[in-house]
Amino acid sequence: MRNSVTWNESQVKNEQFYDSVYATVNIDSILSKVKNKETFLDNAVRTYTSFAGFYHGNFKDQIEEKKVLELGCGDCVNAALMAALGAEVVANDISAQSGRIIEELNRQYPFKYPIKFIYGDFLLADLPDSSFDIVAGKNFVHHLTHEQELEFTKKIVSILKPDGIVRYFEPAENNKLLDNIRWIIPVPGRPSILQKRKFAEWKNKDPHPLRDNSYRSYLKIGSSFFNKTEIIPIGGIERFNRLLPQGSFNFRFRRLALAFEKLLPRKLNLVIARSQTIIYEGPIKAV
């Protein structure tokens with residue numbers, strides 16, 4: 001499902017990129033997480049920013065029997081966990097490989113509600129109005145241009161129930177100094193900006209558009225389409241684990257950092273956060 005407005009050359013490039021990424025996803029690894037979901041999530045929310053952010057506020061205990069649309073389901077780990085927790089999950093992605101993963105997960109695990117998959121352009125998906133309790137995305141929105149984000153939000157408002165919510169976990173770019181330092185430090189799969197040739201090659205393949213990923217950007221769109229917007233900053237201290245060697249000390253540092261951050265003033269956390277959870281509540285329906 002493609003249209004000329006949302007599926008440009010960049011989007012086709014993204015599809016090809018993620019097809020190659022998700023072609024190698026380990027189904028057994030996902031099934032292990034699902035079968036041990038309580039233990040896995042208990043550890044993950046205390047150690048990894050993406051899980052700590054997405055499942056912030058005991059979200060895992062709030063989704064049973066809820067109808068959830070996950071945008072950008074990717075490797076399908078999160079879709080599988082939500083389904084295992086009792087949610088009725090509909091998952092969407094531009095990669096057909098995500099559909100293959102979901103088909104295999106449904107075959108091997110007895111979800112109460114088998115996961116449904118929608119391939120391609122969300123804007124062309126035939127979804128009934130006011131039919132979802134939750135629309136979710138984990139590292140999804142920053143793949144959209146602001147123009148695309150606006151169109152997605154309009155459709156999300158239409159398919160949410162009147163008391164529905166949106167929950168995103170996204171990168172946060174609120175501090176230019178820390179963001180510049182981030183580019184200097186190489187991470188697996190991304191060289192340092194100081195390695196000019198390698199960085200240029202990586203950037204050419206990078207599927208993310210240039211956009212504003214600050215909390216202010218999400219506050220602006222949230223206030224336009226929802227009655228309530230909440231931003232939870234996360235990872236301001238934890239981000240420095242990248243300066244440490246991998247191993248048990250790094251693991252302990254991340255846990256301590258995520259716990260310590262909760263004691264810091266919100267204003268400070270907003271400035272230093274590496275990531276953020278965005279929650280929109282009460283869609284403002286068009287009259």
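From a predicted model like this one, the values you see are computed outputs, not experimental measurements.

### Section: the layout of surface pockets
Approximately 500 Å³ is the volume found for the second largest pocket. Taken together, the elements giving at least two residues each to the lining of the second largest pocket come down to helix H3 (37-47), helix H4 (49-54), strand S6 (226-234), helix H11 (248-261) and helix H12 (266-272). The element best represented in the lining of the second largest pocket is H11, accounting for four residues. Partitioning the lining of the second largest pocket into residue classes produces nine nonpolar, six polar and six charged.

### Things to note about the sheet that holds strand S7 (residues 275-283)
Read from one edge to the other, the open sheet built from seven strands follows the order S3-S2-S1-S4-S5-S7-S6, with strand pairing classed as mixed. Among the strands making up the open sheet, the edge pair consists of strand S3 (116-119) and S6. Across the sheet, the mean angle separating the axes of adjacent strands is 15° when strand polarity is ignored. Direction of pairing for strand S1 (residues 67-71) relative to strand S4 (residues 132-138): parallel, over a ladder of four bridges. Opposite Leu69, over in S4, you have Val135 as the bridge partner.

### Let's talk about the environment of Ser192
For Ser192, the position within the fold is in the loop between helix H8 (176-184) and helix H9 (196-205). By relative accessible area, Ser192 is classed as buried at 4%. In this structure, the C-alpha to C-alpha distance between Ser192 and Arg182, residues 10 residues apart in sequence, is 8.7 Å. In this view, Ser192 contacts Trp183, Ile184, Pro186 and Phe199; residues no more than four positions away in its chain are not counted.

Cut-offs applied
- Residues numbered from 1 in each chain as written.
- Predicted model: local features only at pLDDT ≥ 70, side-chain atom pairs only at ≥ 80, totals over all residues.
- Heavy atoms only, no water.
- 1 Å grid on protein atoms, 1.4 Å probe; cavity = no way out; pocket = protein on both sides within 12 Å on 5 of 7 lines; lining within 4 Å.
- Points joined across faces, edges and corners; volume = space filled by probe spheres on them.
- Helix = DSSP H or I, 4+ residues; strand = E, 2+ residues; numbered from the N terminus.
- Nonpolar A, V, L, I, M, F, W, Y, C, P; charged D, E, K, R; others polar.
- Pairing = 2+ DSSP bridges.
- Axes fitted to C-alpha atoms, helices over the stretch in contact; angles between N-to-C directions.
- Buried < 20%, exposed > 50% of the residue type's maximum accessible area, 1.4 Å probe, protein only.
- Contact = heavy atoms within 4.5 Å.

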